[in-house]
Structure formats: C-alpha cells, structure tokens
Amino acid sequence: MIKVLLVDDEKLALEYLEDIINWEYYGFEIVGITTDAEQALKLFRKHRPHLVISDVRMPTMSGLELVTMIREIDKRVHILFMSGYKNFSYVKQAIRLGIDDYLLKSDVDEESFLQKILGLKEEIQKECAKNQYTTNMILESLFLKNEPEEHYKSILDENEYIRIHKRYYYLILAKNLVPDFIESYLPSTACSDLAYDYEFDSMCARYAPGYDMQMVSAFAVDDKVNLGIFELAGNLISLKEINDRMFQFSRRIIAGLGEKTSCSFSVYYYAKGCSVRQFGRFYEKNKKQLWRRYVTGKPQIAEFSGGLSGENAEAKAPSVSAEQIFNGIKNGDRDAQRRYIERLKIAIEQEDIVTYLWYAKGMLDAVSRFEGSLLGEKSGRRFSMTESSSTYDFRNPKEVASFLEFKMSEIELISGEDSRGSYSEVIQEALNFLQENYKDPELSTNVVAQKVSLSNSWLSTKFKEEVGIGVSDYLNGIRVQKAKKLLDQSEYMIYEVAELTGFTSSQYFSKIFKQFTGLTPNEYKRKG
C-alpha cells in the first residue's frame, strides 16, 4: 500500500480529498489527515508516508515551509500541492523544492485527480523496489534491531558492505522532558517544538566538517532520543583528541539547538569508535545513564560511558513505600513528611537518580490518592493535583520537590478545617459575600473589605490566617469550580462561561483556569 498524508487548513477541502476516490481500492492507505502543518510534520515522522498532498497557504506554517522540513527528513518523498490561488511565485518556489505537481483546486475532478495519483503511484512503486535498502536504512536497522551485517551482504556492493562494518563515533541527543511517571499524574508539559530533530540532523551535517568529521546518518531512536553517526576525516588521532573533538562538537550542537528550538536537551558522546551494531548493543545495555538528565534539571554534555556511574551504580531503591508515604500524609505526621521532602532534596543535591525517582514517584502516588476525595468542610474546597501545577516546571527536579511540598501542606490545610473551630464572624461574612457575588466582575478584596467594614490589609491578613489562602485566590477558586460545571454542559461557549463566572475577559479566564487545573478551558472541555 502507498501511504498518503493529507494536509489542508480547510476541513471541507480535507473531506473532499478524503472522499474524492476510493483510496484503498486503488492501493493507497491514508495514514494521516490534519488541518495543522506542525501536526502534519509530526505525522510524517511517525508514519513516513510515500506521498504528501498539501495546501500551499496555511496559517501557522506554509506548505512550502512544511515541504522544506519534510525534504530534510526524507528527500525521496513525493509531494503534490493543491491550492486555490493562481500565484506564479508559489509555483516557482514549489518547483525549486522538487514537488511532483501543483494543482488548482478549482480544476480538480475525480477523473483527473485519479489519473494524477495513479501516475505517482507507479513512480513510487518503482522507486521503492529500487531503493528498498539504503545505507542509512540499514544503519538504523543495525542499531535498533541488532541485525547481523551478513543479512545485507547479498544486496550491497563491496564498498557499501564494508561501510556498515566500519568504526563510527556517536552523538546521542536526549530531550530534557518531564519523566514519564510525572506525565501520568499531571497534564503534559512536553516541549511542543516539532522541528528539533530536523534541526539536529541539519546541524550535525553542517557543523561536523569543522571538527574534521563527516555525518554518516542520523535518526530517531524513540520520541525522546536521536542518534547521530559520524566518521573521522583525515589521519588517525589519539583517543584524547577524539574525546576533546566530540566534546567541542557536542557544545556546538547544544548551542545551536538553544538558538533554534524552544526545547532543552542533553548531549552524550561516544568517542571510542565501534560498528553501529556494536554500539546499538552497548546503548541498549547502558541507556539508563540518560536518566541522569532528570535529576540535574539543566542541559548537560557528558561522555556516554554506560550505566549510572559512581556511587549511584550500586544504589538500591529506598525501603520506604508509597503506602507508607500516604499514611504519613493522611495521619498528619509532619516529621515523616519533612523526612520525605528532605530525602528528595538531598537526592537532587547529590544527583542520586535512583533515590530521586523512587521518592518523587512514591510521593506523587501518595498525594494523588487525595484527588477529588478530600473536601474542606468549611470552605468547600476540594483537593486537586492539577490546581496550580502549571506554575511549576517539572523538568526541574527542585520544582518537583517544591510542588510536592506545597501539595502536602495543602492537604494538611484542607484536612484540618474541621479541627480549627468556626471562622470568626467577620471572615464568615466575607466568605458568604464571595460565594453570593462571585459573578460580579468588579468583585475584589477592596469591595469585600468595604462590605465587612475592615481595611484592605487587615482583611487580607485575617482572611489568609483563618482560611489559609488569600481573598483573590479563594474567589478565583470559586469561579473556576463554577466554570468547570458550566463547561461540562456542552451548550456554553468559552467566552460565555467567562462572563457567567465573573471574569473580565476570556483570555484572563483561560490564564486563571489553567493555573488552577493545569488545562486550558478548551483542553478541559475536550477531555470531558
């Protein structure tokens, strides 16, 4: 089957393309349909289609820009542009990019379209048969699948066969992301820049000659890691010189990516030289070394020496369990909670990745058990894991520790409402006033202070002392809870919910909603 990706910012145009012919009957498989060019790039990397049919003009990224990036990933892919505009400058640019054709939407009918893509299908099938095996594809397979080189002896000429046995040198680009176990508890904060692997490939090829190296291949190992494969140019040099050269090259790559993308990365280099298949086995055995980036909280450049070096190599998981941590929080054992946080901070300081991951995961699991089930008897405030989570960068281990410390104090505050006695008369009056008037966009600490006959500063101090949070935070909490209920009713638009809950604008509403829930109103609505 010929894999096809359809891209157009107009939904009606996409529907027309999807239905214009019976794709499957004619030997095509549509692997992606999207109105967003960045999503198209992501789909292209995932499915590697043989044919991309794209609009030329799109809002976030033009079809020409999309094709430029796709060509860097795969120069052999076939491109068919479809546009509603008779713009010759677009046609000229498209021709320079080596597209297969440029069709006007107004001229396309079923018969002409079918004739065009069947012609492309014939070309693609011939190329697939001719280029079934390439050196790049073979190197990727040797690394990822540990296939013996002998499998390719019959299909490669002598020089190509020698190349797949050569000693190469390697750069590992590891994206600094939130650890997977945090992603399972909290909304994704992953970098959304989809162009980083294109930039990595491009920089490797461009900068390598400056370090007397040549890029042989580059590909994605998984969605977090990319690999660059290099050979040395010129005369043989010492291991120390190779190591220094690889280190400086890694620095150049990190600096370049910092200028080009919004993501954060660490780079690991391997300067000893070995075949691709040998390195693939070594990587698989020792890839836990990449975990270290989760505890450093910043980009790093390091030699890929394998495993977790130093004391951490023999580190054992702590004996404390998530159940023990949960019971310590549930029973209000402050000493136990303090010990857990302190142990987490020490692990971060010592870059003890095993202990850090163990405690962070255990504490997240324990805290998450209070989600939705813990309700303040007086304030009506319900504990939420995601509330305020968007203000923390979970790629930074210190912020993970701060978040967990904050959430444990929040659980203690809500749990303790029933044991603190009644609110004072003036604070109870303020709470009632906020509950009754939250829809008023003019409602503020000053308005509440006037209502209960206190000064602004005195109300703020007294309110936080008794309730545990400030007036504005309490008011926003009420508004967000009310907004969630309205969003659960599909008939309300976002701007209508903002108005009904007292927010002065839909933009401000979205900002506050995300601070409390970790999601934008649209994301919350889709999730529901």
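Refer to the structure presented above.
Description of the structure in this document.

Cut-off values and rules
- Residues numbered from 1 in each chain as written.
- Predicted model: local features only at pLDDT ≥ 70, side-chain atom pairs only at ≥ 80, totals over all residues.
- Heavy atoms only, no water.
- Pairing = 2+ DSSP bridges.
- Helix = DSSP H or I, 4+ residues; strand = E, 2+ residues; numbered from the N terminus.
- Axes fitted to C-alpha atoms, helices over the stretch in contact; angles between N-to-C directions.
- Parallel < 35°, antiparallel > 145°, perpendicular 65-115°, else oblique.
- Left-handed = near helix turned anticlockwise from the far one by under 90°.
- Contact = heavy atoms within 4.5 Å.
- Nonpolar A, V, L, I, M, F, W, Y, C, P; charged D, E, K, R; others polar.
- Buried < 20%, exposed > 50% of the residue type's maximum accessible area, 1.4 Å probe, protein only.
- Polar contact = N/O pair within 3.5 Å; in protein donor to acceptor, adjacent residues only side chain to side chain.
- Expected span 1.5 Å × (residues − 1).
- Arc of directions from axis to C-beta.

### Focus: the sheet that holds strand 1 (residues 2–7)
Either a parallel or an antiparallel arrangement is found when strands of a sheet pair, and the pairing is made through backbone hydrogen bonds.
Consideration 1: Strand order in the open sheet formed by five strands is 2-1-3-4-5, with parallel pairing between adjacent strands. Edge positions in the sheet fall to strand 2 (28–34) and strand 5 (101–104), since each of these pairs with one other strand and no more. Each neighbouring strand pair of the sheet contributes to a mean axis angle of 20 degrees, computed without reference to strand direction.
Consideration 2: Both strand 1 and strand 2 contribute to a ladder of six bridges, which runs parallel. Bridged to Leu5 within strand 2 is Gly32.

### Observations regarding the packing of helix 2 (residues 37–47) against helix 3 (residues 63–73)
Consideration 1: It is the contact of helix 2 with helix 3, at a shortest axis distance of 10 Å, that shows an interaxial angle of 15 degrees. Classified by the angle their axes make, helix 2 and helix 3 are roughly parallel. Note on packing geometry: the crossing formed by helix 2 with helix 3 is right-handed. Counting all contacts with helix 2, which are made through Ala37, Ala40, Leu41, Phe44 and Arg45, the residues of helix 3 involved are Leu66, Met69, Ile70 and Ile73.
Consideration 2: Residue composition of the contact of helix 2 with helix 3, grouped by class: eight nonpolar, no polar and one charged.

### Some details on the sheet that holds strand 6 (residues 168–175)
Consideration 1: Here we have five strands laid out as an open sheet, ordered 7-8-6-9-10, and mixed in their pairing. Two strands in the sheet have a free side with no partner beyond their single neighbour: strand 7 (213–220) and strand 10 (301–303). On average, each strand axis in the sheet is inclined to that of its neighbour by 20 degrees, with strand direction left out of account.
Consideration 2: When strand 7 meets strand 8 (residues 225–232), the two strands line up antiparallel, connected through seven bridges. Bridging across to strand 8, Ala218 finds its partner in Gly228.

### Looking at the side chain of Thr517
Consideration 1: Looking at where Thr517 falls in the secondary structure, it is placed in helix 22 (residues 506–517).
Consideration 2: On the basis of relative accessible area, Thr517 is assigned to the buried category, the value being 6%.
Consideration 3: Among the polar contacts made by the side chain of Thr517, one reaches the main-chain carbonyl oxygen of Phe513 at a distance of 2.8 Å.

### Some thoughts on helix 22
Consideration 1: Between its terminal C-alpha atoms helix 22 stretches 16 Å, which fits the 16 Å expected from 12 residues at 1.5 Å a residue.
Consideration 2: Within the sequence span of helix 22, burial applies to Phe509, Ile512, Phe513, Phe516 and Thr517. Considered in projection along helix 22, the buried side chains sweep an arc of 115 degrees and stay on one side of the axis. Away from the buried face of helix 22 by more than 90 degrees, exposed residues Gln507 and Lys511 are located.
Consideration 3: Tucked into the core, helix 22 has its buried residues touching helix 20 (471–487), helix 21 (494–500) and helix 23 (521–527).
Consideration 4: Within two residues after helix 22, Gly518 carries a phi angle of roughly 85 degrees, on the positive side.

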